[in-house]
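# Coordinate inspection notes
As a plain string of letters, each chain reads:
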Amino acid sequence: MKWANVRLFALNFWQNATTPKTFYLLFSIFILLTAYAAVSGIKKYSSQNNIRQEHQNKARQSWEANPDKHPHRMAHFGTFAFRINPSLAIFDYGLESFTGNTVFLEAHRQNSVNFSEATFSTGMLRFGELSLALLLQLVLPLILFFVGFSTVAADRQNGTLKMLLSQGASWKEILFGKSLGLFAISLLFFIPILVIVSLALLIIGDQTINNLTWIRLLLISLGYLAFLAIIAGLTVAVSTSSTTPKNALLRLLGIWLLLVVLLPKSAQAMGNYWFPTPSKLAFQSAIEKEVIQKGDSHNPNDPHYNNLKDSVLTVHKVSKVVDLPFNYSGFVMREGEKITSALYRKHHTKLVNIFKSQNDITRFSSFINPFTAIKQLSMTMAGTDFSSYIDFQNKADDYRYQLAQTMNELQMEYISPKKESGSEGKTHVVNHQHWQEFRDFNHIPMGFGNSLKEAFPALISILLWVIGVLGLLVFTSKKARAI
């Protein structure tokens, strides 16, 4: 195979594809969609983060504005945690519109994350939002199919192939040259998006620490370049194996529908069928049932805490809790928080593992579907995938646990053990300066290493698809016919 001939076929394809006025009309429409998606993405990112940061500040001000109060009342007063979108959310929305962004944090309760955009939208949202990633994942492959469907089939139909082969050209040179030309066409559409995202990141800056945003963007770019090369090679291979251009176009459209609609929906349905999720009521009931078995800190007659009380009194060699060197009620609340948090995390881990098992069906379907592979890679590296959402949940609950236990420690230390009757009145209080000493919640998106680990199957899938398409072109070159 002579690379000079490959280059000639690529240049010839480029010239033939970019000559018609319809190509420039198609390109103009795509650029307009790109501009709209870019403006929408930047506006959504900025407005959402500004709103969330504003409410995070208000929640902090409300927390610090509390007067001298009993620590346990402060633990129930609680605060809010808001999720901050990563910078690359301007490119790929991922699951941002379907996962919540706000959670109320209080003692003894692990509340769900609420206020997702989907809860305030119509059912049309499930069809997707126009993002820059969506243009590259769904629209650009269609454009490449329409540009390249006739690349070989038309030459066979008008007799050009016979002339090329008779003059010494090989099938490999023809197929690889046309694939390279179609890939070059795809760069016309891809490069403007890459430039826009890069400029947007430079303008808005990176609000996160050690998130390696530019390395993430590099991996995303390499992934999309590989994906476009796969689409280009697949298009040429289908055109070569088709008898007519019309037949090639119908096959490519069928492949698009299969890979974009049917396979992803089937994978989701199989995941839900094989790994059913419990209802919210069943999930909470299971936790409450175990709490009753382990011990209820709000029940004065609970056997577990009666035994605990006897043990504490024995260790400190006193007969009454009022004689202890610390506030016993705070000690009980600390023990109860430890038990309930451990139970919740155990059940929550089981639930998340069910969700991960469901998602794994989709993730590993990327080995038979390059569209799924690039989608998984894109939103994982952008930090808008399911694992990033779970990471926020875990960090918010860690903060909630620290808040509750800090209040319990304050109760043990500053509330006199003689005052165990309750948290009412002005005598059962601590100084409000302690509210200011407790740090505010600051959401830091999931680290690059964890994101790379989650994206690893997609990366391997894309690499295998590139190798597979190269093999397909070689195989097609051996079986192709000029007539």
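Every value quoted in this text rests on a predicted model; they were computed, and no experiment measured them.

Rules and cut-offs
Residues numbered from 1 in each chain as written. Predicted model: local features only at pLDDT ≥ 70, side-chain atom pairs only at ≥ 80, totals over all residues. Heavy atoms only, no water. Helix = DSSP H or I, 4+ residues; strand = E, 2+ residues; numbered from the N terminus. Rg over C-alpha atoms; globule rule 2.2 N^0.38 Å. Buried < 20%, exposed > 50% of the residue type's maximum accessible area, 1.4 Å probe, protein only. Contact = heavy atoms within 4.5 Å. Areas by Shrake-Rupley, 256 points an atom, 1.4 Å probe, with all protein chains shown as cover. Core = buried A, V, L, I, M, F, W, Y, C linked by side-chain atoms within 4.5 Å. Pairing = 2+ DSSP bridges. Patch = residues over 30% accessible without salt bridge, like charges linked within 9 Å, V, L, I, M, F, W, Y side chains within 5 Å. Salt bridge = Lys/Arg side-chain N within 4 Å of Asp/Glu carboxyl O. Polar contact = N/O pair within 3.5 Å; in protein donor to acceptor, adjacent residues only side chain to side chain. Axes fitted to C-alpha atoms, helices over the stretch in contact; angles between N-to-C directions. Parallel < 35°, antiparallel > 145°, perpendicular 65-115°, else oblique. Left-handed = near helix turned anticlockwise from the far one by under 90°.

## Things to note about the overall build of the protein chain
Across its full length, the protein chain carries 16 helices and 3 strands. Against the globule reference of 23 Å for 483 residues, the protein chain gives a C-alpha radius of gyration of 30 Å, more extended than a compact globule. With respect to the principal axes defined by its C-alpha atoms, the protein chain has extents near 105 × 45 × 40 Å. The buried share among the 483 residues of the protein chain stands at 47%. A separation threshold of at least 6 residues defines the contact pool for the protein chain, and within that pool the share at least 24 residues apart is 82%. About 24000 Å² of surface is accessible on the protein chain, with carbon and sulfur atoms providing 63% of the total.

## Examining the nonpolar core
Within the largest apolar cluster, 56 residues are counted, with the highest numbers of intra-cluster contacts made by Phe91, Leu132, Leu140, Val197 and Tyr224. Among the elements of the structure, helix 1 (3-18), helix 2 (21-64), helix 4 (132-148), helix 7 (171-204), helix 8 (213-241), helix 9 (245-274), helix 13 (370-382) and helix 16 (448-479) are those that each provide at least two residues to this core. Element by element, the count of residues in this core is highest for helix 8, at 11 residues. Once residues within four sequence positions are removed from consideration, tyrosine 224 is found in contact with Phe91, Asp92, Ala133, Leu136, Gln137, Phe190, Ile374 and Ser378. Counting 24 residues, the second-largest nonpolar core is a separate cluster that includes Ala75, Tyr389, Trp435 and Phe441.

## Things to note about the environment of serine 46
When you line up the elements, serine 46 lands in helix 2. Of the residues examined, serine 46 reaches a relative accessible area of 26% and is grouped as partly exposed.

## Describing the sheet that holds strand 1 (residues 79-82)
Ordered by their spatial adjacency, 3 strands build an open sheet running 1-2-3, and the pairing between neighbours is antiparallel. With one partner strand each, in any of the chains shown, strand 1 and strand 3 (109-110) form the two edges of the open sheet. In the sheet, strand 2 (residues 102-106) pairs with strand 3 via 2 bridges, with the strands oriented antiparallel. Among the inter-strand pairings, leucine 105 is bridged to a residue of strand 3, identified as glutamine 110.

## Quick look at a nonpolar patch on the surface
Judged by side-chain polarity, Ile191, Val195, Leu199, Leu202, Ile203 and Trp214 come together as a nonpolar surface patch covering roughly 640 Å² of accessible area. Here the nonpolar patch gets 5 residues from one element, more than from any other, and that element is helix 7. Secondary-structure assignment places leucine 199 in helix 7. Residue classification places leucine 199 among the partly exposed residues on the basis of a relative accessible area of 47%.

## Some thoughts on the side chain of lysine 44
Structurally, the position occupied by lysine 44 is in helix 2. Looking at lysine 44, its side chain comes within polar contact range of the side chain of serine 97, at 3.0 Å.

## Points about the packing of helix 1 against helix 7
The N-to-C vectors of helix 1 and helix 7 enclose an angle of 50 degrees; their axes lie 7 Å apart at closest approach. On the basis of the axis angle, helix 1 is oblique to helix 7. For the element pair helix 1 and helix 7, the recorded crossing hand is right-handed. Residues Asn5, Val6, Phe9, Ala10, Phe13, Trp14, Ala17 and Thr18 of helix 1 touch helix 7, and the partners they reach there are Glu173, Ile174, Phe176, Gly177, Lys178, Leu180, Gly181, Leu182, Ala184, Ile185 and Leu188.

## Let's talk about unusual backbone geometry
The phi dihedral of histidine 108 is positive, around 70 degrees, even though this residue is not glycine. Structurally, histidine 108 is set in the loop between strand 2 and strand 3. The backbone of lysine 317 sits at a positive phi, close to 55 degrees, despite the residue not being glycine. Summarising the element assignment, lysine 317 is placed in the loop between helix 11 (303-316) and helix 12 (328-364).

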